[in-house]
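# A structural walkthrough
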Amino acid sequence: MRKKTLLAGLALLAGLGLATTGCAGSNGAGAAGDGSGGDDVITVGFAQTGSESGWRSANTESMKEAFSAENGYDLIFNAADNDTAAQIAAVRDFINQGVDAIVIAPIVEDGWDDVLQEAADAGIPVILEDRTVSASDDLYASWVGLDFKKEGVMAGEWAAETFGDTPTKMVVLEGTTGSAPANDRAAGFDEAVEGTAIEKIDSQTGDFTRDGGKTVMEGFLQKYGVDGIDLVYAHNDDMALGAIEAIEAAGAEPGVDIQIVSIDAVKDGMQALVDGKINFIVECNPLLGELTSGLVRDVLAGKDVEKKVYVEDQSFTQEQAAEVIDSRPY
Ligand code: GYE
């Protein structure tokens, strides 16, 4: 462990090209192959949030593929089941084990200062993927992920265009409280619908899970009735899918009686969009493995890396989803 290697770079550059130029096809946010060929195995501890959603499964798969033994890695994988204390404990474990680098998908934004400082003191670089933290960016080498605020804005712009001046009662299914995507997707959406006739009548966390979305939506339906809700904004597809079950169980037609906008564009979400049960989806690309491993290699090689690497997202109407659904990789 703890050997630096002078590999990669190229993979990251190629990946970045994809990341900045585009979205077409979305066949992953990174380059193919990571140029590994050195003898030194790189030990990486990866602290994943858990396994709350379809997005998360695709992200975990992408990370495991990129950080494979074939590519020269010894990956120590931990999924914290959405428990922030357990995730911090996992990172401490990685530090104690003396891994070469630590990758974190932080469940929530706050509370990272101490353990990031401990990693820095131990000389172990930290790369964040997916979610962001509120701690100083001096405490980590780089972050790669999506622009959650922009995703919220895109979802909100669709709502503003669709409902415009029509008085609209909206409920929100929030992601995990304190997580960067829940915070930023809420802020972006609110900004985009400001001044429209869309009224947020309720907003609760469904923790990014299908069950959570279903339970919260059942509560909303009980409280406001099918006729009292026009629009659901779900911070991810899984919660939208849970809401669909609740709306159908209440005898209404999702996508028609109650419209739904969500974020992720995972397979099941896209299928519901094609089926007319969701009305609009903003993409959030989970295939961050190659970009993350490229960053790890560059940081270990002592190269300068960008502090923030953004991957582009696109969005889909029902018609657009029908055109692309068969070619989607996740
Ligand atoms: O949208 C959701 C997942 O952090 C961007 O986490 C990610 C979010 C994603 O559980 O489905």
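The structure presented is a predicted model; accordingly, all values stated were derived computationally and were not measured.

Basis of the calculations
- Residues numbered from 1 in each chain as written.
- Predicted model: local features only at pLDDT ≥ 70, side-chain atom pairs only at ≥ 80, totals over all residues.
- Heavy atoms only, no water.
- Core = buried A, V, L, I, M, F, W, Y, C linked by side-chain atoms within 4.5 Å.
- Buried < 20%, exposed > 50% of the residue type's maximum accessible area, 1.4 Å probe, protein only.
- Helix = DSSP H or I, 4+ residues; strand = E, 2+ residues; numbered from the N terminus.
- Contact = heavy atoms within 4.5 Å.
- Pairing = 2+ DSSP bridges.
- Axes fitted to C-alpha atoms, helices over the stretch in contact; angles between N-to-C directions.
- Phe/Tyr/Trp six-rings, centres within 6.5 Å; stacked < 30°, edge-to-face > 60°.
- Lys NZ or Arg CZ within 6 Å of the ring centre and 35° of its normal.
- Near = heavy atom within 4 Å.
- Polar contact = N/O pair within 3.5 Å; in protein donor to acceptor, adjacent residues only side chain to side chain.
- Areas by Shrake-Rupley, 256 points an atom, 1.4 Å probe, with all protein chains shown as cover.
- Salt bridge = Lys/Arg side-chain N within 4 Å of Asp/Glu carboxyl O.
- Left-handed = near helix turned anticlockwise from the far one by under 90°.
- Nonpolar A, V, L, I, M, F, W, Y, C, P; charged D, E, K, R; others polar.
- Parallel < 35°, antiparallel > 145°, perpendicular 65-115°, else oblique.

Residues Phe 67, Val 103, Phe 189, Tyr 233, Val 261 and Val 296 are the most contacted members of the largest nonpolar core, which totals 45 residues. Sorting elements by how many residues they give to this core places helix H5 (residues 148–163) first, with six residues. When near neighbours in sequence (up to four residues on either side) are disregarded, Val 103 contacts Val 44, Gly 45, Phe 46, Ala 47, Met 63, Phe 67, Ile 127, Glu 129, Thr 292 and Val 296. Core analysis: the next-biggest nonpolar cluster, separate from the first, contains 29 residues, Val 171, Leu 241, Ala 243 and Ile 258 among them.

All right, on to the sheet that holds strand E5 (residues 142–146) then. Strands sit in the order E2-E1-E3-E4-E5-E11 across an open sheet of six strands; the sheet is parallel. Taken across any chain shown, the strands that pair with only one partner, and hence form the sheet edges, are strand E2 (73–79) and strand E11 (308–311). Across the sheet, the axes of successive neighbouring strands diverge by a mean angle of 15°, strand direction being ignored. Sheet topology note: the strand E4 (residues 126–129)/E5 ladder contains three bridges and is parallel. Paired with Ile 127 across the bridge in E5 is Ser 142.

This next bit is on the sheet that holds strand E8 (residues 231–234). Read from one edge of the open sheet, six strands run E7-E6-E8-E9-E10-E12, paired in mixed fashion. Looking at the sheet topology across the chains shown, the edges are occupied by strand E7 (198–205) and strand E12 (315–317). Direction aside, the axes of adjacent strands within the sheet are offset by 15° on average. Relative to strand E10 (residues 280–283), strand E9 (residues 259–264) runs parallel, the two sharing four bridges. Residue pairing for E10: Asp 264 is matched across the bridge by Glu 283. Across the sheet, helix H9 (residues 267–274) is in contact with E10 and E12; its angle to E10 comes to roughly 150°.

Turning to the packing of aromatic side chains, a few remarks are in order. Summed over all chains, the structure comprises seven aromatic pairs. For the pair Trp 143 and Tyr 310, a centre-to-centre distance of 5.1 Å together with 70° between the ring planes defines the contact as edge-to-face. Residue Trp 143 is found in strand E5, and its partner Tyr 310 is found in strand E11; the two are separated by 167 residues along the sequence. Each residue in the set Trp 158, Phe 163 and Phe 280 is aromatic and connected to the rest through ring pairs, giving one cluster. Lying over the aromatic face of Phe 77, Lys 64 brings its terminal NZ or CZ to 4.2 Å of the ring centre. A cation over a ring is seen here: Lys 307 above Tyr 140, with NZ or CZ 5.6 Å from the ring centre.

Moving on, we come to the site of the ligand. Neighbouring residues of the ligand: 13 residues in total, closest Glu 52, Asp 130, Arg 131, Asn 236 and Asp 264. At 3.0 Å from an oxygen atom of the ligand is found a side-chain nitrogen or oxygen belonging to Arg 56. The contact in question runs from an oxygen atom of the ligand to an N or O atom on the side chain of Asp 130, over 2.8 Å. If the ligand stood free it would expose 300 Å²; the protein chains cover 100% of that surface.

A few words now on the pattern of salt bridges. Following the criterion strictly, the structure yields 17 salt bridges and no others. Among the salt bridges present, the one from Arg 56 reaches Asp 130, with a minimum N-O distance of 2.8 Å. Within this pair, whereas Arg 56 is found in helix H2 (residues 54–66), its partner Asp 130 is found in the loop between E4 and E5, the two being separated by 74 residues in sequence. Taking the shortest distance from any N to any O, the salt bridge between Lys 169 and Glu 199 comes out at 3.0 Å. Of this pair, Lys 169 sits in strand E6 (residues 168–174) while Glu 199 is found in strand E7, placing the two residues 30 residues apart along the sequence. Residue classification places Lys 169 among the partly exposed residues on the basis of a relative accessible area of 36%.

So, about the packing of H5 against helix H6 (residues 180–193). Between H5 and H6, the least distance of the axes is 6 Å, while the angle of their chain directions is 35°. In this structure, H5 crosses over H6, and the sense of that crossing is right-handed. Within the contact between the two elements, H5 uses Phe 148, Lys 149, Glu 151, Gly 152, Val 153, Ala 155, Gly 156, Glu 157, Ala 159 and Ala 160 and H6 uses Ala 180, Pro 181, Asp 184, Arg 185, Ala 187, Gly 188, Phe 189, Glu 191, Ala 192 and Val 193. Considering only residue class, the contact of H5 with H6 consists of 11 nonpolar, three polar and six charged.

Here the focus is the packing of helix H8 (residues 237–249) against H9. In the contact formed by H8 and H9, the axes pass within 9 Å of each other and the chain directions differ by 50°. Relative to H9, H8 is oriented oblique. For H8 against H9, the interelement crossing comes out left-handed. Counted together, Asp 237, Leu 241 and Ile 244 of H8 and Asp 268, Gly 269 and Ala 272 of H9 form the full contact between these two elements. The class makeup of the residues in the contact of H8 with H9 is three nonpolar, one polar and two charged.

Moving on, we get to the environment of Glu 323. Within the fold, Glu 323 resides in helix H11 (residues 318–324). Judged by relative accessible area, which is 68%, Glu 323 ranks as exposed. Sequence separation between Glu 323 and Val 274 is 49 residues; the distance between their C-alpha atoms is 9.1 Å.

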